[in-house]
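Reading the structure
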Amino acid sequence: MAHTNESVVSEFVLLGLSNSWELQLFFFAIFSLVYVTSVLGNIMIIVIISSDSHLNSPMYFLLSNLSFIDICQSNFATPKMLADFFVEHKTISFEGCMAQIFLVHSSVGSEMMLLVAMAYDRFIAICRPLHYSTIMNRRLCIIFVFISWAVGILHSVSHLAFTVDLPFCGPNEVDSFFCDLPLVIELACMDTYEMEIMTLTNSGLISLGCFLALIISYTIILITVRRRSSSGSSKALSTLTAHITVVILFFGPCIYFYIWPFSRLSVDKFLSVFYTVCTPLLNPIIYSLRNEDVKSAMRKLRNRHVNSWKN
């Protein structure tokens, strides 16, 4: 990624989360645990779903792809943040900064679209159960995954195409632990008002659009479930609760950032931590540990390995 001759900034300084050595050690211990747990948890979900034929359904296919996106999201900034806790002068190259912007918006945009696909899957399963196997076939699931990544990458490229050519001619301190797009834009040596509005419009439309689609879908589904009274409906309600919890925790900070994207408060930095470090942990904890089918498959996989070791 080359930048124009006007840009003399070759690296950015990340101010991180705190200047206190004790706090940085505390953050390192906590976020290391969260990072390792989220990566291993999502890898475990992919392995369990791919190894159990009983989980060969559209919902679990989409869930395993969500885990893959979460693994990508876990690795775009967290490893560097953990390493930077032991570095006094935290820097990132211009190219590395642009790569972070690309990766975060690609993964977040893809995850938003995949959550919509998962809501559609639940909508068909509960509202049109007799047509589920016909509508939600493997081909449609692959199309959903392809569209999710395509939208995420296009969303990211639309940001990066304008950011990479901005004239960065001096100020290079980013008050965060990664290259947060609004904070990077503010460092350009020009009036960035139009860029700020464009960033707000681009990201705001996709996040609000997906959020509204999810709210409408789950409202219809909940109304349908409420009209029924069976054990199947109870199981569906449990699954829906997990989905809705993830949607609220995922979209809450996201929408907040796009409502006030350029007037940052001190709490914003810690919301960014939740969004980038803790969100990938939602899938293993909320979706999978509350799912009886996944827990059953986990026990079978464990027993299979225990028996193979004994033999």
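Residues numbered from 1 in each chain as written. Predicted model: local features only at pLDDT ≥ 70, side-chain atom pairs only at ≥ 80, totals over all residues. Heavy atoms only, no water.

**Focus on the packing of aromatic side chains**
Per the counting criterion, the structure on display carries 15 aromatic pairs. Where Phe26 meets Phe27, the ring centres are 6.0 Å apart and the plane angle is 55°; that geometry is what we call tilted. Of the residues examined, Phe26 reaches a relative accessible area of 49% and is grouped as partly exposed. Relative accessible area serves as the criterion here: at 10%, Phe27 is assigned to the buried category. Plain terms: the ring middles of Phe31 and Phe85 are 6.5 Å apart, the flat faces sit at 25° to each other, and that makes the pair stacked. Of the two residues, Phe31 sits in helix α1 (residues 21-51) while Phe85 sits in the loop between α3 (78-84) and β2 (91-93), which places them 54 residues apart along the sequence. (Phe/Tyr/Trp six-rings, centres within 6.5 Å; stacked < 30°, edge-to-face > 60°. Buried < 20%, exposed > 50% of the residue type's maximum accessible area, 1.4 Å probe, protein only. Helix = DSSP H or I, 4+ residues; strand = E, 2+ residues; numbered from the N terminus.)

**Regarding a nonpolar patch on the surface**
Together, Trp21, Leu25, Phe86 and Val87 make up a nonpolar patch on the protein surface, roughly 370 Å² of accessible area in all. Mapping Phe86 onto the fold places it in the loop between α3 and β2. (Patch = residues over 30% accessible without salt bridge, like charges linked within 9 Å, V, L, I, M, F, W, Y side chains within 5 Å. Areas by Shrake-Rupley, 256 points an atom, 1.4 Å probe, with all protein chains shown as cover. Salt bridge = Lys/Arg side-chain N within 4 Å of Asp/Glu carboxyl O.)

**Focus: the state of the cysteines**
Overall, the coordinates contain 2 disulfides when judged by the stated rule. The partner cysteine of Cys97 in its disulfide is Cys179, sulfur to sulfur 2.1 Å. Handedness here is read from the sign of the S-S torsion; for Cys97 and Cys179, about -125°, the answer is left-handed. Linking Cys97 in helix α4 (residues 94-127) with Cys179 in the loop between β3 (173-174) and α7 (181-185), this pair joins segments that are 82 residues apart in sequence. What pairs with Cys169 in a disulfide is Cys189, and their sulfur atoms sit 1.9 Å apart. (Disulfide = S-S within 2.5 Å.)

**A word on the pattern of salt bridges**
Considering all chains together, one arrives at 2 salt bridges under this definition. The shortest N-O distance in the salt bridge between Lys80 and Asp84 comes to 3.2 Å. Placement of the pair is Lys80 and Asp84 together in helix α3, with a separation of 4 residues, close to one helical turn. Note on Asp84: relative accessible area 8%, which makes it buried. For Arg122, the salt bridge identified is with Asp121, shortest N-O distance 2.8 Å. With respect to burial, Arg122 and Asp121 carry one shared label: buried.

**Overview of the UniProt feature "transmembrane region" (unreviewed entry) in the protein**
According to UniProt, the feature "transmembrane region" (unreviewed entry) maps to residues 25-48, 98-120, 140-162, 205-225, 237-259 and 271-289 in the numbering used here. A helix fraction of 100% and a strand fraction of 0% characterise residues 25-48, whose end C-alpha atoms lie 34 Å from each other. Segment residues 140-162 splits into 100% helix and 0% strand. End C-alpha atoms: 34 Å apart. (UniProt positions renumbered as here; feature names shortened; annotations may be inferred.)

**Let's talk about the confidence of the model for the protein**
Confidence along the protein averages 83 in pLDDT terms, with 87% of residues attaining 70 or more. pLDDT under 50 marks residues 1-5. Its contacts with residues more than four places away, or in other chains, come to 12 contacts. (pLDDT = per-residue confidence, 0-100. Contact = heavy atoms within 4.5 Å.)

**Focus on the sheet that holds β2**
Pairing in this open sheet of 3 strands is mixed, and the strands run β2-β1-β3 from one edge to the other. A strand with exactly one partner marks an edge of an open sheet, and here the two such strands are β2 and β3. Sheet analysis places strand β1 (residues 11-14) next to β3, joined by 2 bridges and oriented parallel. From the neighbouring strand, Leu14 faces β3, where its bridge partner is Val174. (Pairing = 2+ DSSP bridges.)

**Regarding the packing of α4 against helix α8 (residues 193-226)**
Here α4 crosses α8 at 20°, and the two axes come no closer than 10 Å. Classified by the angle their axes make, α4 and α8 are roughly parallel. As for how α4 packs across α8, the hand of that crossing is left-handed. Residues His105, Gly109, Met112, Met113, Leu115, Val116, Ala119, Arg122, Phe123, Ile126 and Cys127 of α4 lie in contact with α8, whose contacting residues are Ser203, Ile206, Ser207, Cys210, Leu214, Ser217, Tyr218, Ile220, Ile221, Thr224 and Val225. Within the contact of α4 with α8, the residues separate by chemical class into 15 nonpolar, 6 polar and 1 charged. (Axes fitted to C-alpha atoms, helices over the stretch in contact; angles between N-to-C directions. Parallel < 35°, antiparallel > 145°, perpendicular 65-115°, else oblique. Left-handed = near helix turned anticlockwise from the far one by under 90°. Nonpolar A, V, L, I, M, F, W, Y, C, P; charged D, E, K, R; others polar.)

**Regarding the environment of Phe12**
Tracing the backbone through its elements, the reader meets Phe12 in strand β1. Classification of Phe12 by relative accessible area gives buried; the value is 0%. Separated by 83 residues in the primary sequence, Phe12 and Glu95 place their C-alpha atoms 10.0 Å from one another. Not counting the four nearest positions on each side in its chain, Phe12 is found in contact with Lys90, Thr91, Ile92, Phe94, Cys97, Phe168, Asn172, Val174, Val184 and Leu187.

**Topic: empty space enclosed by the protein**
Under the definition given, this model contains 2 cavities of 30 Å³ or more. Here the second largest cavity defines a volume of roughly 50 Å³. Every residue lining the second largest cavity is listed: Leu14, Gly16, Leu17, Met81, Asp84, Phe85, Lys90 and Phe177. A breakdown of the residues in the lining of the second largest cavity according to their chemical character gives 5 nonpolar, 1 polar and 2 charged. (1 Å grid on protein atoms, 1.4 Å probe; cavity = no way out; pocket = protein on both sides within 12 Å on 5 of 7 lines; lining within 4 Å. Points joined across faces, edges and corners; volume = space filled by probe spheres on them.)

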